[in-house]
Amino acid sequence: MSDSAGSGESGGVTGAGQDAEADNEPPHQAPPLPDGERLEVAETSDEGVPTSAKRPRISEEEQELEQLDKPVKMQETPAQAGLLQKDPASPAQNAGEPLQCGDNGGVGEEVPVSVGGEEECRQNGDGGLDAPLGGEVKPEEEHDSIRSADSPSEGQRLGLDFTQNPQMLTGSWTEYSNVPENYLKGCKWAPDGSCILTNSADNVLRLYNLPPEIYSYNWDMLPEMSPVLRMAEGDTIYDYCWYPKMSSLDADTCFLASSSRDNPVHVWDAFYGEVRASFRPYNHLDELTAAHSLCFSPDGTQLYCGFDKTVRVFYTERPGRDCEERPTVVKKQGQSGIISCFGFSPCQSVYACGSYSRCAGLYSCQDGTLLALLPTRHHGGLTHLLFSPDGNYLYTGGRKDPEILCWDLREPGKVVFSLKRNVATNQRIYFDLDLSGRYLLSGNTEGVVSVWDTLTAPPDANEELLQPQLRFQAHWDCTNGVSIHPFMPLLATSSGQRQFPWPGESEGDSASEDEGGEAVMSPPEVRQDNALSLWWAGPLGPAPEGDPEPPLVQPADTD
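Nothing here was measured: the structure is a model prediction, and the numbers come from that model.

(A) Summary view of the overall build of the protein chain. The helix and strand inventory of the protein chain stands at nine helices and 31 strands. By residue count, 59% of the 559 residues in the protein chain fall in the buried class. When the accessible surface of the protein chain is totalled, it reaches about 23,100 Å², and 48% of it is carbon and sulfur.

Pasting the structure below:
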């Protein structure tokens, strides 16, 4: 683990190298890094090349991107412009010159580490894609800002194309092979799309920058991705989430929160990998208790934490133990169980809570009043939920549950349709919606990713089973994480699951031989695939008008 991952922890933070105490967790250590300063680790790949870009070719790539401006609008965001323009050897001069996540912006430079505040409140809810920071356009940013104003819609016009299998571009797998059974536990794009965050069984959050070659379609030159930051928690990570107004143009907004067993909620700096602040929830015995789920409010001013029959709300700009407590069970009425996941409506002041009691509830953001309690329809505890972009529908999924349910919130309790997926594990299996709300993607235990077109559902459907439009083999092991890029046709998937020993293995070799070799032969048949993968789900190449070019990569073989 890099020095920055452990040196910033303070105020009761458990040491990064602490041994596991339960659930047979592997040692909580990040894989060893090369000797050198933290700055070198954060900025340099295994080949010794700066991970932010291949600098000698920057001017050529920018010229190519300008030529591709009409057919493909992928580069039109402040975050992406920053990825292509930043010089890793020089510190940022002002807020208009963006840093990359994992870059400390120069040795010895002091960067503000305040959490929340007026600067963040002025940020746009879409990570700075709809308006320039602070509502003010600087001369050097004017061109990028004008283009970024319509980049989300441009990204939608570029479009997700699920008429064919997505292309695998690159990924990270060596990173997870240094520790035995270091399976992943999901992946999440940053709100501005500049980087991606992963969680894994070694209790380390890893941050990857989006390879800049993707913008110029140099896909045949994509190396394996290496993390620019590793942030180690002291114990099993329960949940993690990005600050919703994160923009790489403003270092103060680049942070994320995580919760782990027997630890306070930590807020991590996405440039340095250090702990900026801690939120400390205490129970009725004044003992520190860990949050099982986390979610920032859409404006980023509050952090919602899930506990047993309780939601605690912290104010982002006020770290510590002060919080608002919102019980979900009042006078034996309400939503029982551990609050395991959150979701916020994009259109109303309403949030949804899923619990391990197999139900979901809708609450008012103002005071936490229970507005509706959806019927118990799932077979297992809820592990993930999402609102549709119009706020009319809620998608819920559970552990060891064979379906995702779509609820019509205009008629609470009504299931519009269900989506079948195979989930034979207690592990959280994420699903995701694209920006338009049309496509829903989810992996399953066999490593297959299914794509459903929700627009094909009949308008008056009554719990009809919706068939997937596309299914493709993303991994050979459980695909537990699927995340769609905020404005580009890119997918990220993560894979792996805990492998349990077969019966007879612990009885010795003689016992295994007496059973006819069954227990000895079975474990090698289990395909372990612990990896992060990036997929292209859009047009296969920039084609000039009237003269289409062949794709630079061939379609993936999913046989």
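(B) Seen up close, the packing of aromatic side chains. Under the defined criterion, the tally for this structure stands at 13 aromatic pairs. With a centroid separation of 6.1 Å and an interplanar angle of 70°, the aromatic rings of F255 and F296 are classed as edge-to-face. Here F255, found in strand β7 (residues 255-260), pairs with F296, found in strand β10 (residues 293-296); they are 41 residues apart in sequence, far enough to count as distant. Its relative accessible area of 5% is what places F296 among the buried residues. Aromatic pair Y304 and F344: ring centres 4.9 Å apart, planes at 80°, arrangement edge-to-face. Here Y304 is found in strand β11 (residues 302-307), whereas its partner F344 is found in strand β16 (residues 339-344), with 40 residues between them in sequence. F344 shares its class with Y304; the two are buried. Members of the aromatic cluster, connected to one another through ring pairs, are Y304, F342, F344, Y351 and Y363. Stacked on the ring of Y240, the Lys or Arg K188 has its end atom at 4.3 Å from the ring centre. In this structure, R312 is placed above the aromatic ring of F307, and the distance from its NZ or CZ to the ring centre is 4.5 Å.

(C) Representation of the sheet that holds strand β2 (residues 184-189) within the structure. The antiparallel open sheet is built from four strands, whose spatial order is β2-β3-β4-β5. Every other strand in the sheet has two partners, leaving β2 and β5 (229-232) as the edge strands with one partner each. Neighbour to neighbour, the strand axes of the sheet diverge by 20° on average, direction disregarded. Examined bridge by bridge, strand β3 (residues 195-200) and strand β4 (residues 204-209) share five bridges and lie antiparallel to one another.

(D) Up close: the nonpolar core. Counting residues in each nonpolar core, the largest one holds 22 residues, and the members touching the most others are L210, I214, M488, L490 and W536. Looking at this core, the elements with two or more residues in it are β2, β30 (490-495) and β31 (532-536). Membership of the second largest hydrophobic core comes to 21 residues, among which are L207, L229, M231 and L256.

(E) Inspection of the sheet that holds β7 at higher detail. Here four strands make up an open sheet; going across it, the order is β6-β7-β8-β9 and the pairing antiparallel. Every other strand in the sheet has two partners, leaving β6 (237-242) and β9 (275-279) as the edge strands with one partner each. The average undirected angle you get between the axes of adjacent strands in this sheet is 20°. Sheet topology note: the β6/β7 ladder contains five bridges and is antiparallel. Note on β7: the bridge partner recorded for W242 is L256.

(F) Unusual backbone geometry, seen in detail. For N203, which is not glycine, the phi dihedral falls at a positive 65°. Take N203: it is sitting in the loop between β3 and β4. For N203, a relative accessible area of 0% puts it in the buried group. With a phi close to 75°, R358 is a non-glycine residue in the positive phi region. The residue R358 is located in the loop between β17 (350-355) and β18 (360-364) in this model. Since its relative accessible area comes to 36%, R358 is described here as partly exposed.

How each quantity is defined
- In this numbering scheme, every chain counts its residues from 1 along its sequence in written order.
- This being a predicted model, a pLDDT of at least 70 is required before a residue's local features are given, and a value of 80 or more before pairs of side-chain atoms are given or counted; all residues contribute to the totals for chains, interfaces and linings.
- Computation of side-chain values: all heavy atoms of the structure, hydrogens and water removed.
- Put simply, DSSP marks the helices as runs of H or I at least four residues long and the strands as runs of E at least two long, and each gets a number from the N terminus on.
- Three exposure classes are used, based on accessible area relative to the maximum for each residue type with a 1.4 Å probe and protein chains only: buried under 20%, partly exposed in between, and exposed over 50%.
- Reported accessibility uses the Shrake-Rupley method at a 1.4 Å probe radius. Residues are deemed covered only where the shown protein chains occlude them.
- Only rings of Phe, Tyr and Trp enter the pairing, Trp through its six-membered ring, and a pair is recorded when the two centres are within 6.5 Å. The plane angle decides the type: under 30 degrees is stacked, over 60 is edge-to-face, the rest tilted.
- As a reminder, the over-ring test applies to NZ of lysine and CZ of arginine, requiring each to be within 6 Å of the ring centre and within 35 degrees of the ring normal.
- Here the rule is simple: two strands pair whenever DSSP picks up at least two bridges between them.
- Axes here mean lines fitted to C-alpha atoms, for a helix over just the part in contact, with angles spanning 0 to 180 degrees between N-to-C directions.
- Here, nonpolar core refers to any group of buried Ala, Val, Leu, Ile, Met, Phe, Trp, Tyr and Cys residues whose side-chain atoms link them within 4.5 Å.

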